[in-house]
Amino acid sequence: MARDGGVSCLRSSEMMRVGIGGMESQPLDLDEVHVLAVDDSLVDRIVIERLLRITSCKVTAVDSGWRALEFLGLDNEKASAELDESSSFRQVPVVIMSSENVLTRIDRCLEEGAEDFLLKPVKLADVKRLRSYLTRDVKLSNANKRKLPEDSVPVNTSLPPPPSPFTISPDSSDSSPPMTISPESSDSSPPLSPLEISSSPLSTPIDDEDDDVLTSSPAPEESPARRQKMRSPLD
Amino acid sequence: MNTVVAKLQRQFQDYLVSLYQQGFLDNQFTELRKLQDEGTPDFVAEVVSLFFDDCSKLINSMSRSLERPENVDFKQVDSGVHQLKGSSSSVGARRVKNVCISFKECCDVQNREGCLRCLQQVDYEYKMLKTKLQDLFNLEQQIVQAGGAIPQHFPSYTILRPDIRPCLDA
């Protein structure tokens, strides 16, 4: 069955610290957010890519979770084993996009650690909302870095798959790693984690890194509040 | 005031509004148009073109799956309908999307005859929309060639049904 897509983005400063993808040092642009968009639908990929570019995000769009891991350099045993020590992926916010407006599913996504949930079809206002998180998140992150717990959560591939991670399809020749878009939160300050937006059914495989991201994310107390902001069913 | 341009712009607006009024397009198409600017003047045309390619491919594969009555791959058909529903929703192709809803229902109860009817209908609808949008894009081109700008907003006289009313704000 066709899967929905996803978008994730990592803050470039964090990616640089970890040295993902052999990135060379470059001047940090704190307002630059790189989003990793995952969606198996080409039409949706093009649209989300444009939506993100218009809101000043750098975008890498991929068509599957596997390509996403590939892009992040997490598609091998060694990488996933090293994941515990890497803080940057833990802080990557994940945003789920789906056409299914099922509250129990949405809640589950949020409970599993997704920062936000976008109902498809995604509109410009949705992405602008997310983008405003990012700017705020970047500004806060320098002053108040969230520390990882001493006991790191082991990556466990046998855990039930979380909402599909974002997949990345290398559409740009840029070598810079994807950024995460911080989720939006109307009330309390949002968790300072990177943001990934992924739309996919809950049964997708993968994601050692997703487990990692999800388990390390702070509990989304804002979940009920976010739920209120969700749009009504389209049909 | 360039009356040729003004006339073409009016024609364009009227035609666009009619597409909403007749239910071919919904608000998501308006959202797509927001993403187009002078730097990306062909964005909408490119996206819908990809969508129509998608339609053609999916309809062909679903047709093959439905071909033999004794061996219908409903899982494959369901997957195709899901994809079609998703992409039609993403571009604002309202009628196509609505057929997909019925199509899914037929699939769920493994109604091959119903599926075949829906398949035929979805084929008709996407081709109809393709023709309509081609006419719209031609009008756009004429405006640009006459030195005018593409109207971004709907004329104030527009009175549309609430369920298909596009966003009239900027």
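Here the structure is a predicted model, which means the values were calculated and not measured.

Participant: What exactly am I supposed to notice about the overall build of chain A here?
Facilitator: Along its length, chain A carries 9 helices and 6 strands. Residue burial in chain A is summarised as follows: out of 235 residues, 58% are buried. Of the roughly 9,600 Å² of accessible surface on chain A, 52% is carried by carbon and sulfur atoms.

Participant: Which parts of the structure should I look at to understand the UniProt feature "modified residue: Phosphohistidine" (unreviewed entry) in chain B?
Facilitator: Taken from the UniProt record, the annotation "modified residue: Phosphohistidine" (unreviewed entry) applies to His82 of chain B. A residue is classified by how much of its surface remains accessible, and His82 of chain B, at 16% relative accessible area, is buried.

Participant: Is there a simple way to think about the packing of aromatic side chains in this case?
Facilitator: In this description, an aromatic ring pair is defined by two values, namely the gap between the centres and the angle between the planes. Under the defined criterion, the tally for this structure stands at 2 aromatic pairs over all chains. A ring pair is formed by Phe51 of chain B and Phe52 of chain B, whose centres lie 5.4 Å apart and whose planes are at 50 degrees; its orientation type is tilted. Summarising the burial analysis for this pair, Phe51 of chain B and Phe52 of chain B share the class buried. Here the aromatic residues Phe51, Phe52 and Tyr126 of chain B are joined through ring pairs into a cluster of three or more. The ring of Phe43 of chain B is capped by Arg50 of chain A, whose NZ or CZ atom sits 5.7 Å from the centre of that ring. Directly above the aromatic system of Phe24 of chain B lies the positively charged group of Arg95 of chain B, at a separation of 3.9 Å from the ring centroid.

Participant: Just checking my understanding: could you explain the confidence of the model for chain A for this structure?
Facilitator: Atom-level detail of predicted coordinates should not be read off regions where pLDDT is low. Residue and element names in this part refer to chain A. The predicted model of chain A has a mean per-residue pLDDT of 62, with 40% of residues at 70 or higher. Taking the mean pLDDT of every element in chain A, the minimum, 34, falls on helix 8 (residues 208–216) and the maximum, 96, on helix 2 (residues 42–54). Of the regions scoring below 50 in pLDDT, residues 11–28 engages in 35 contacts with residues more than four places distant in sequence or in other chains. A low-confidence stretch, residues 141–195 stays under pLDDT 50, and its non-local contacts, those more than four residues away or across chains, total 253 contacts.

Participant: When you look at the pattern of salt bridges in this model, what are you seeing that I'm missing?
Facilitator: Proximity of charged atoms lets side chains of opposite charge pair with each other. Following the criterion strictly, the structure yields 16 salt bridges over all chains and no others. Lys120 of chain A is paired through a salt bridge with Asp44 of chain A; the nearest N and O atoms lie 2.8 Å apart. Taken together, the positions of Lys120 of chain A in the loop between strand 5 (116–119) and helix 7 (124–143) and Asp44 of chain A in helix 2 put the pair 76 residues apart, joining distant regions of the chain. Look at Lys120 of chain A and you get buried, because its relative accessible area is 7%. Under the relative-accessibility criterion, Asp44 of chain A is labelled buried at 7%. The partner of Lys104 of chain B in a salt bridge is Asp78 of chain B, with the nearest N and O atoms 3.2 Å apart. Taken together, the residues span a long stretch of sequence, with Lys104 of chain B in helix 5 (residues 94–108) and Asp78 of chain B in helix 4 (residues 74–91) at a distance of 26 residues. Bridged by salt links that share partners, the residues Asp39, Asp44 and Lys120 of chain A form one connected network.

Calculation criteria
Residues numbered from 1 in each chain as written. Chains lettered and ligands numbered in written order. Predicted model: local features only at pLDDT ≥ 70, side-chain atom pairs only at ≥ 80, totals over all residues. Heavy atoms only, no water. Helix = DSSP H or I, 4+ residues; strand = E, 2+ residues; numbered from the N terminus. Buried < 20%, exposed > 50% of the residue type's maximum accessible area, 1.4 Å probe, protein only. Areas by Shrake-Rupley, 256 points an atom, 1.4 Å probe, with all protein chains shown as cover. UniProt positions renumbered as here; feature names shortened; annotations may be inferred. Phe/Tyr/Trp six-rings, centres within 6.5 Å; stacked < 30°, edge-to-face > 60°. Lys NZ or Arg CZ within 6 Å of the ring centre and 35° of its normal. pLDDT = per-residue confidence, 0-100. Contact = heavy atoms within 4.5 Å. Salt bridge = Lys/Arg side-chain N within 4 Å of Asp/Glu carboxyl O.

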